[in-house]
Amino acid sequence: MKATLRFYNELRKQALARGEVGSPPSFETFSTMATGLMEASKQVDLDRLKNLSMRDLLERTWAQKLLTYSTKKLVKDSYETLTKRY
C-alpha cells in the first residue's frame, strides 16, 4: 500500500509543479495498482526462494492474504487517505 500511495503522491506533486490540478485516481485504478505491486513483491520473494516447498507455501500464503478482509480494508483506507490529499 505504501508504494502505491507514494506513486500517486509523486504524480500529484509533479502535476502541482507543472501548475496543473491533479485529480485522484478511481478506486478501481488504485486497487489494481496496489494489487499489481503486491504481486510484483510476491514474485521477487518467490525468485529468492530455491526450495520448492517454501515457494509453494509462500504462494498459498499470498493467495490467502490477497483475499482477506483486512487487506481489502487496507486498500480502501489507503485510497481514502489519498483522496483527502487531493
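Predicted model, so just to flag it, every value in this text is computed and none were measured.

### Some points on the packing of helix α1 (residues 2-17) against helix α2 (residues 27-48)
- Between α1 and α2, the least distance of the axes is 9 Å, while the angle of their chain directions is 130 degrees. On the basis of their axis angle, the class for α1 and α2 is oblique. The handedness of the crossing between α1 and α2 is right-handed. Taking contact as the criterion, the partners of Ala3, Thr4, Leu5, Phe7 and Tyr8 in α1 are, on α2, Thr29, Phe30, Met33, Ala34 and Leu37.
- A per-class count over the contact of α1 with α2 returns 8 nonpolar, 2 polar and no charged.

### Let's talk about α1
- Here α1 is 16 residues long and its end C-alpha atoms lie 22 Å apart, about the 22 Å a rise of 1.5 Å per residue gives.
- The set of residues buried in α1 consists of Thr4, Leu5, Tyr8, Asn9, Arg12 and Ala15. Projected down its long axis, α1 carries its buried residues within an arc of 130 degrees, all on one side. Seen from the buried face of α1, the exposed residues on the opposite side, beyond 90 degrees, are Lys2, Arg6 and Ala17.
- Where α1 is buried, its residues touch α2 and α4 (69-85).
- A positive backbone phi angle near 85 degrees is found at glycine 19, which sits one or two residues after α1.

### Details of α4
- Between its first and last C-alpha, α4 extends 25 Å over 17 residues, near the 24 Å set by a 1.5 Å rise per residue.
- Buried residues of α4: Thr71, Val75, Ser78, Tyr79 and Leu82, and no others. Projected down its long axis, α4 carries its buried residues within an arc of 100 degrees, all on one side. Away from the buried face of α4 by more than 90 degrees, exposed residues Tyr69, Ser70 and Lys84 are located.

### Observations regarding the pattern of salt bridges
- Applying the stated criterion to the full structure yields 8 salt bridges.
- A salt bridge links glutamate 20 to arginine 18; its shortest N-O distance comes to 3.2 Å.
- Overall, glutamate 20 belongs to the partly exposed group, its relative accessible area being 40%.
- Assessed through its relative accessible area of 54%, arginine 18 is described here as exposed.
- Ionic pairing is found between lysine 42 and glutamate 59, a salt bridge with its closest N-O pair at 2.8 Å. Pair noted here: lysine 42 is in helix α2 and glutamate 59 is in helix α3 (residues 52-66), with a separation of 17 residues, a long-range link.

Procedures and definitions
- Numbers given to residues run from 1 along each chain, matching the order in which its sequence is written.
- Since the coordinates come from a predicted model, pLDDT governs what is reported: local features require at least 70, and pairs of side-chain atoms require 80 or more to be given and counted, while whole-chain, interface and lining totals use all residues.
- Derived side-chain values reflect all non-hydrogen atoms in the structure, with water molecules and hydrogen atoms excluded from consideration.
- An axis is simply a line fitted to the C-alpha atoms; with a helix, the fit covers only the stretch in contact. Between two such axes, the angle follows the N-to-C directions and lies from 0 to 180 degrees.
- Put simply, DSSP H or I for four residues or longer makes a helix, DSSP E for two residues or longer makes a strand, and each gets a number counted from the N terminus.
- Throughout this description, any angle smaller than 35 degrees is read as roughly parallel, any larger than 145 degrees as roughly antiparallel, any in the 65 to 115 degree range as roughly perpendicular, and the remainder as oblique.
- In this scheme the crossing of two helices becomes right-handed for a clockwise turn of the near helix relative to the far one and left-handed for an anticlockwise turn of less than a right angle.
- Here a residue-residue contact requires only that any non-hydrogen atoms of the pair lie within 4.5 Å.
- Residues were grouped as follows: Ala, Val, Leu, Ile, Met, Phe, Trp, Tyr, Cys and Pro as nonpolar; Asp, Glu, Lys and Arg as charged; and all remaining residues, including Gly, as polar.
- Expected span of a helix: the number of residues minus one, times 1.5 Å.
- A 1.4 Å probe rolled over the protein chains alone gives each residue an accessible area, and that area as a share of the maximum for its type sets the label: buried under 20%, exposed over 50%, partly exposed in between.
- The directions considered for the arc are those from the helix axis to the C-beta atoms.
- Counted as salt bridges are all cases of a side-chain nitrogen of Lys or Arg within 4 Å of a carboxyl oxygen of Asp or Glu.

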